[in-house]
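# Overview (structure and organization)
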Amino acid sequence: MIKIGDFASSAAALSLADYCKSQQLDVSVVVHSAEQAELWCAPEHAELVVAELERFLLNPYADRYQAAAWDRAEVVDSGTGSAGLSGYWQQLWTNGGWFCHLVWLSTLLVYGWQQVDPWSALAALQLKPELGLSLEQGWRWFTPGWLHFSGSHLVFNLIWVWYLLGPLELKSGRVVAVSLTLLVLLFSNLAQFVMVGANFGGMSGLVYGLFGFYWICGWLKPQWGLQISTGLIGFMLIWLVIGFFDLLWISMANWAHLAGLLAGMLCAILLIALNKALTVQR
């Protein structure tokens, strides 16, 4: 498959893809968000798909595109629902690489472990006060991120990991995604442990780190495609401040959130500086 183009609307990309498929052209859409999608096709159909893309851009609301989208809706609605479910899981899968999938799967497995034997899960993965800041059993500086203490806590974090980590892995590469994840988890867990104690868990520190990374990259390097809306940034910052004032009905790892945010921002600055240095050398 080869990439034909980027769309600022996933609905538009899907509409064009529906029509191309109705013409027996081998195309697929990678949806990153409602505002970002990619159109891919088989190499032998590239010329025809490009020509159709040009026609689509001139009149995206033409009857033939609307009819193709309507036909797809009828097929899905008249079935048992399995087609829609398959499409949902396909979108979930294509939104990230194997590292994002590994984080998702391992987090779900750990949550299942917590439901079966919570004490052994905590004993194996939580930080231990008696070890202090020692590097003994060093995995514990990362593993609290995999502990979640309610279904809503788990779902909230996994949604943001899917939304942020998956596209980061696809656009910036697996090395960046893995390095950022480990660094943010390390610093967020360290800050929470030093300031409060070992009784915490969750991926929220990582989520804030990803937000910080996207924030700086979107501001300084918009061409990298790692952008996030100012509304979401504002929401997360307000949520962070509210957490420190202890105005919520839940206990939050506020220092992990703050340290994660700062670590993500710092990683973005360092990556941009490294990219600039390498560009100058070339």
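Preceding block: the structure.
Residues numbered from 1 in each chain as written. Predicted model: local features only at pLDDT ≥ 70, side-chain atom pairs only at ≥ 80, totals over all residues. Heavy atoms only, no water.

Structurally, the position occupied by Glu52 is in helix H2 (residues 46–58). Exposure remark for Glu52: the relative accessible area of 6% places this residue in the buried category. (Helix = DSSP H or I, 4+ residues; strand = E, 2+ residues; numbered from the N terminus. Buried < 20%, exposed > 50% of the residue type's maximum accessible area, 1.4 Å probe, protein only.)

Before going further, it helps to spend a moment on the packing of helix H9 (residues 204–220) against helix H10 (residues 230–244). Where H9 contacts H10, the axes come no closer than 11 Å and their chain directions differ by 140 degrees. The pairing of H9 with H10 is recorded here as oblique in orientation. Between H9 and H10 lies a crossing of left-handed hand. Each of Val207, Tyr208, Phe211 and Trp215 in H9 lies in contact with H10, whose residues at this interface are Leu232, Ile233, Met236, Leu237, Trp239 and Leu240. A breakdown of the residues in the contact of H9 with H10 according to their chemical character gives ten nonpolar, no polar and no charged. (Axes fitted to C-alpha atoms, helices over the stretch in contact; angles between N-to-C directions. Parallel < 35°, antiparallel > 145°, perpendicular 65-115°, else oblique. Left-handed = near helix turned anticlockwise from the far one by under 90°. Contact = heavy atoms within 4.5 Å. Nonpolar A, V, L, I, M, F, W, Y, C, P; charged D, E, K, R; others polar.)

Along its 13 residues, H2 runs 19 Å from first to last C-alpha, staying within 8% of the 18 Å computed at 1.5 Å per residue. Within the span of H2, buried status applies to Ala46, Val49, Glu52, Leu53 and Phe56. Down the axis of H2, the smallest arc covering the buried residues is 125 degrees, so these residues share one side. Exposed and facing more than 90 degrees away from the buried side of H2 are Glu47, Leu48, Glu54 and Leu58. (Expected span 1.5 Å × (residues − 1). Arc of directions from axis to C-beta.)

All buried positions along helix H6 (residues 118–125) are accounted for by Ala121, Leu122 and Leu125. When H6 is viewed along its axis, its buried side chains cluster within an angular range of 95 degrees and face the same direction. Each element contacted by the buried residues of H6 is listed here: helix H5 (98–116).

This part takes up unusual backbone geometry. Even without glycine at this site, Gln24 takes up a positive phi of about 60 degrees. The residue Gln24 is located in the loop between helix H1 (10–22) and strand S2 (27–33) in this model.

What follows covers the packing of aromatic side chains. Counted by the stated rule, this structure contains eight aromatic pairs. Judged by centre distance (6.4 Å) and plane angle (75 degrees), the rings of Phe156 and Trp160 are edge-to-face. Taken together, the residues span about one helical turn, with Phe156 and Trp160 both in helix H7 (residues 151–172) at a distance of four residues. Phe156 gets classed as partly exposed once you look at its relative accessible area, which sits at 37%. Among the residues examined, Trp160 registers a relative accessible area of 12% and is labelled buried. Feature note: the residues Phe156, Trp160, Tyr163 and Phe211 constitute an aromatic cluster, connected by ring pairs. (Phe/Tyr/Trp six-rings, centres within 6.5 Å; stacked < 30°, edge-to-face > 60°.)

Under the criterion given, the structure shown has four salt bridges. A salt bridge links Glu38 to Lys3; its shortest N-O distance comes to 3.6 Å. Of this pair, Glu38 sits in strand S3 (residues 36–41) while Lys3 sits in strand S1 (residues 2–7), and the two are 35 residues apart along the sequence. Classification of Glu38 as buried rests on a relative accessible area of 12%. Among the charged side chains, a salt-bridge network with shared partners connects Lys3, Asp6 and Glu38. (Salt bridge = Lys/Arg side-chain N within 4 Å of Asp/Glu carboxyl O.)

One pass over the full model with this rule turns up two cavities of 30 Å³ or more. Lining the largest cavity, in full, are Leu127, Lys128, Leu131, Gly132, Ser134, Glu136, Gln137, Arg140, Trp141 and Phe193. A class-by-class count of the residues in the lining of the largest cavity yields four nonpolar, three polar and three charged. Of the pockets and cavities examined, the second largest cavity occupies roughly 50 Å³. (1 Å grid on protein atoms, 1.4 Å probe; cavity = no way out; pocket = protein on both sides within 12 Å on 5 of 7 lines; lining within 4 Å. Points joined across faces, edges and corners; volume = space filled by probe spheres on them.)

By the element assignment, Ala263 lies in helix H11 (residues 254–281). Among the residues examined, Ala263 registers a relative accessible area of 9% and is labelled buried. Those residues in contact with Ala263 that lie beyond four places of it in its chain are Val184 and Phe187.

A cluster of nonpolar side chains, Leu133, Val194, Met195, Val196, Val241, Phe244, Phe245 and Trp255, forms an exposed patch at the surface whose accessible area comes to about 800 Å². Breaking the nonpolar patch down by element, the ones donating at least two residues are helix H8 (174–195) and H10. Take Val196: it is sitting in the loop between H8 and H9. By relative accessible area, Val196 is classed as exposed at 60%. (Patch = residues over 30% accessible without salt bridge, like charges linked within 9 Å, V, L, I, M, F, W, Y side chains within 5 Å. Areas by Shrake-Rupley, 256 points an atom, 1.4 Å probe, with all protein chains shown as cover.)

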